[in-house]
Amino acid sequence: MSAALALKTRLAQPKIVAAPGAPDSLTARLVQQAGFDATYMTGFGATSVRLGTPDLGLLTLTEMADHARNMVRAVDIPVIADADTGYGGPLNISRTVEEYLQAGVAALHLEDQVAPKRCGQLAGIRLTPADEAALRLKAAVTARGRNDLLIIGRTDALPVAGINEAADRAKRYQDAGIDLAFVDGVKTCAEVEAIATQVTGPKVVSLVDGTDAATLTREDLQDMGFDIVLYAVTALFAQTHAGAKALAALKSAGRPEFSQATMGYEDFCQAVDLIGHQEFAGMFETSR
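Residues numbered from 1 in each chain as written. Predicted model: local features only at pLDDT ≥ 70, side-chain atom pairs only at ≥ 80, totals over all residues. Heavy atoms only, no water.

Chemist: It is not clear to me how the packing of helix 2 (residues 25-33) against helix 4 (residues 61-74) should be interpreted in this structure. Could you clarify?
Modeler: When two helices pack together, their arrangement is captured by the angle between the axes and the distance separating the axes. Orientation of helix 2 relative to helix 4, taken along the N-to-C sense of each, is 35°, at an axis distance of 8 Å. With respect to the hand of their crossing, helix 2 and helix 4 are arranged in right-handed fashion. In this structure, helix 2 uses S25, A28 and R29 to contact helix 4, whose residues at the interface are N70, M71 and A74. Of the residues belonging to the contact of helix 2 with helix 4, the class tally is 3 nonpolar, 2 polar and 1 charged. (Axes fitted to C-alpha atoms, helices over the stretch in contact; angles between N-to-C directions. Helix = DSSP H or I, 4+ residues; strand = E, 2+ residues; numbered from the N terminus. Left-handed = near helix turned anticlockwise from the far one by under 90°. Contact = heavy atoms within 4.5 Å. Nonpolar A, V, L, I, M, F, W, Y, C, P; charged D, E, K, R; others polar.)

What follows is the structure, given as structure tokens:
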């Protein structure tokens, strides 16, 4: 069963799909080991780990597709992938869909920002006209053909134009043939509730740590009718914070500070499946 079909099968069940964000392949493995049904390749995280920069549309299609491919190889659970604006016009969008299909992702989302895009939580977002954005999504759906890849239509209209415009765009994108609608940029519980009320059909929500909206539980979101919840930055923020603290302690003390909160060598080897790799190699190595 393909990852896309596995995700479709999982979405057919009444329980919401929780997909924590993974900035890289190692984090994707940790998401899987924690027992989640899917992981999310966040462009915010991919940009930070590959370039060490903010998410301002700096990664190219080939860089993002390569990043997705590596994450898919690392895990058995479906990968939902950020595909930014599609990296150009209809032909570029068609190629984006093809590259992501070859990478093996289960779903991708395309957003309605004017390039160069930026993180949905930032100010200064510029929107593509709704009719044009709907046509771009229709191009993606057409390029998918008979493949099971899920197309998610994301709108960033909420913070710049309000819930009514965001809901209207979500409806236009659904009419264009997308599988799920995604209104991004939520910060409050009230905004999440408004999306749940005004956007019908299968939908995605993304919660950012530290916002009022992030106080909602998966059960709350499920009761509101959401099908997928993305936790795009939870692992990224925790890893960055822990790394900064460990390095500060190393600088101050002149030696590593080990505690119960720190992962040891054996635990790390387990996370990357050292034994599994060694056992496979051992089946085909001659004894010396």
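Chemist: Can you walk me through the sheet that holds strand 1 (residues 17-22) in this structure?
Modeler: Each strand in a sheet pairs with another by means of backbone hydrogen bonds, the pair being arranged parallel or else antiparallel. In spatial order, the strands read 1-2-3-4-5-6-7-8; together these 8 strands close into a barrel with parallel pairing. Each neighbouring strand pair of the sheet contributes to a mean axis angle of 25°, computed without reference to strand direction. Lying over the sheet, helix 2 contacts strand 1 and strand 2 (39-41), oriented at roughly 150° with respect to strand 1. Running at roughly 160° to strand 2, helix 4 makes contact with strand 1, strand 2 and strand 3 (79-82) of the sheet. (Pairing = 2+ DSSP bridges.)

Chemist: In this structure, what is going on with a nonpolar patch on the surface? I would like to understand it.
Modeler: Residues L26, L30, M263 and F268 make up a contiguous nonpolar surface patch of roughly 330 Å² in combined accessible area. Of note, M263 is situated in the loop between helix 11 (234-253) and helix 12 (265-271). (Patch = residues over 30% accessible without salt bridge, like charges linked within 9 Å, V, L, I, M, F, W, Y side chains within 5 Å. Areas by Shrake-Rupley, 256 points an atom, 1.4 Å probe, with all protein chains shown as cover. Salt bridge = Lys/Arg side-chain N within 4 Å of Asp/Glu carboxyl O.)

Chemist: Help me out: how do you make sense of the packing of aromatic side chains in this one?
Modeler: One pair of aromatic rings is described through two measures. These are the centre distance and the angle between the planes. Applying the stated criterion across every chain yields a total of 2 aromatic pairs. Pairing F44 with F237 gives two aromatic rings, centres 6.2 Å apart and planes at 70°, and the pair type is edge-to-face. One end of the pair, F44, is in helix 3 (residues 43-51); the other, F237, is in helix 11, with 193 residues separating them in the sequence. (Phe/Tyr/Trp six-rings, centres within 6.5 Å; stacked < 30°, edge-to-face > 60°.)

Chemist: Honestly, the environment of L58 in this entry has me stumped. Any pointers?
Modeler: Tracing the sequence through the fold places L58 in the loop between helix 3 and helix 4. Of the residues examined, L58 reaches a relative accessible area of 45% and is grouped as partly exposed. Residues L58 and V183 lie 125 residues apart in sequence; the distance between their C-alpha atoms is 22 Å. Setting aside residues up to four positions removed in sequence, L58 forms contacts with L51, T53 and E63. (Buried < 20%, exposed > 50% of the residue type's maximum accessible area, 1.4 Å probe, protein only.)

Chemist: Honestly, the pattern of salt bridges in this entry has me stumped. Any pointers?
Modeler: Think of it this way: side chains of opposite charge can pair up when their charged atoms draw near. Overall, the coordinates contain 15 salt bridges when judged by the stated rule. D184 is the salt-bridge partner of R154, the closest N and O atoms lying 3.2 Å from each other. On the criterion of sequence distance, the pair formed by R154 in strand 5 (residues 150-155) and D184 in the loop between strand 6 (180-183) and helix 9 (189-198) is long-range, its members being 30 residues apart. Residue R154 is classed as buried on the basis of its relative accessible area of 4%. In this structure, R255 engages E257 in a salt bridge whose closest nitrogen and oxygen atoms are separated by 3.8 Å. Judged by its relative accessible area of 49%, R255 falls in the partly exposed class. Of the residues examined, E257 reaches a relative accessible area of 39% and is grouped as partly exposed.

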